[in-house]
Amino acid sequence: MVYPHGLLDQHIAVRNVEEYLQKKGEKLVVKAPTPLSNGYRPEIDLSPELEELDTAYYHSLIGVLRWIVEIGRVDISIEVSMMSSHLALP
């Protein structure tokens, strides 16, 4: 959908992610070929559990990624599926 100010849904989604990361002092990677780095295996990730707000945000990001796959980025569907399998404990 195109909004009256000319932005597409995906532009708004990207802007929301950029704003969230900016609040955390981080930055969105430009031109990443996939959502995950090469060789990443979430099943052996030893990162600490996310706080409640970060967990909710992770869930929303997975939703955005699933939507992106639906509108044409089928090349990232395996990575999004891998990330989705860890929704219970991101």
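Coordinates for the structure precede this section.
Residues numbered from 1 in each chain as written. Predicted model: local features only at pLDDT ≥ 70, side-chain atom pairs only at ≥ 80, totals over all residues. Heavy atoms only, no water.

Colleague: Even after reading the chapter, I still don't get the packing of aromatic side chains, so can you show me in this structure?
Modeller: The relative placement of two aromatic rings is captured by the distance of their centres and the angle of their planes. Considering all chains together, one arrives at one aromatic pair under this definition. Seen in terms of ring centroids, tyrosine 20 and tyrosine 57 are 3.5 Å apart; in terms of plane orientation they differ by 20°. Their pairing is stacked. Placement of tyrosine 20 in helix H1 (residues 9–23) and of tyrosine 57 in helix H2 (residues 52–70) is noted, with a sequence separation of 37 residues between them. (Phe/Tyr/Trp six-rings, centres within 6.5 Å; stacked < 30°, edge-to-face > 60°. Helix = DSSP H or I, 4+ residues; strand = E, 2+ residues; numbered from the N terminus.)

Colleague: Just checking my understanding: could you explain the side chain of serine 84 for this structure?
Modeller: Structurally, serine 84 can be placed in helix H3 (residues 77–84). Looking at serine 84, its side chain comes within polar contact range of the main-chain oxygen of valine 80, at 2.8 Å. If sequence neighbours within four positions are ignored, serine 84 has contacts with Ile62 and Arg66. (Polar contact = N/O pair within 3.5 Å; in protein donor to acceptor, adjacent residues only side chain to side chain. Contact = heavy atoms within 4.5 Å.)

Colleague: What is the right way to read the pattern of salt bridges from this model?
Modeller: A side chain of one charge can pair with a side chain of the opposite charge when the charged atoms of the two come close. Following the criterion strictly, the structure yields two salt bridges and no others. Between arginine 73 and aspartate 75 there is a salt bridge whose closest N-O contact spans 2.8 Å. (Salt bridge = Lys/Arg side-chain N within 4 Å of Asp/Glu carboxyl O.)

Colleague: Whenever I open this one, the nonpolar core confuses me. Can you help?
Modeller: Burial of nonpolar side chains together is a common tendency in soluble globular proteins. If you look at the biggest cluster of nonpolar residues, it comprises eight residues: Leu36, Tyr58, Ile62, Leu65, Val69, Ile76, Val80 and Met83. Elements with a contribution of two residues or more to this core: H2 and H3. For this core, the element with the highest residue contribution is H2, accounting for four residues. (Core = buried A, V, L, I, M, F, W, Y, C linked by side-chain atoms within 4.5 Å. Buried < 20%, exposed > 50% of the residue type's maximum accessible area, 1.4 Å probe, protein only.)

Colleague: When you look at H2 in this model, what are you seeing that I'm missing?
Modeller: What sets the pattern is the α-helix's 3.6 residues per turn: residues three or four places apart point alike. The first and last C-alpha atoms of H2 sit 27 Å apart over 19 residues, in line with the 27 Å expected at 1.5 Å per residue. Within H2 the residues assigned to the buried category are Asp54, Thr55, Tyr57, Tyr58, Ile62, Leu65 and Val69. Down the axis of H2, the sector holding all buried residues measures 160°, keeping them to one side. Facing away from the buried side of H2 by more than 90 degrees, the exposed set consists of Glu52, Leu53 and Glu70. Immediately beyond the C-terminal end of H2, within one or two residues, lies glycine 72, with a positive phi of roughly 140°. (Expected span 1.5 Å × (residues − 1). Arc of directions from axis to C-beta.)

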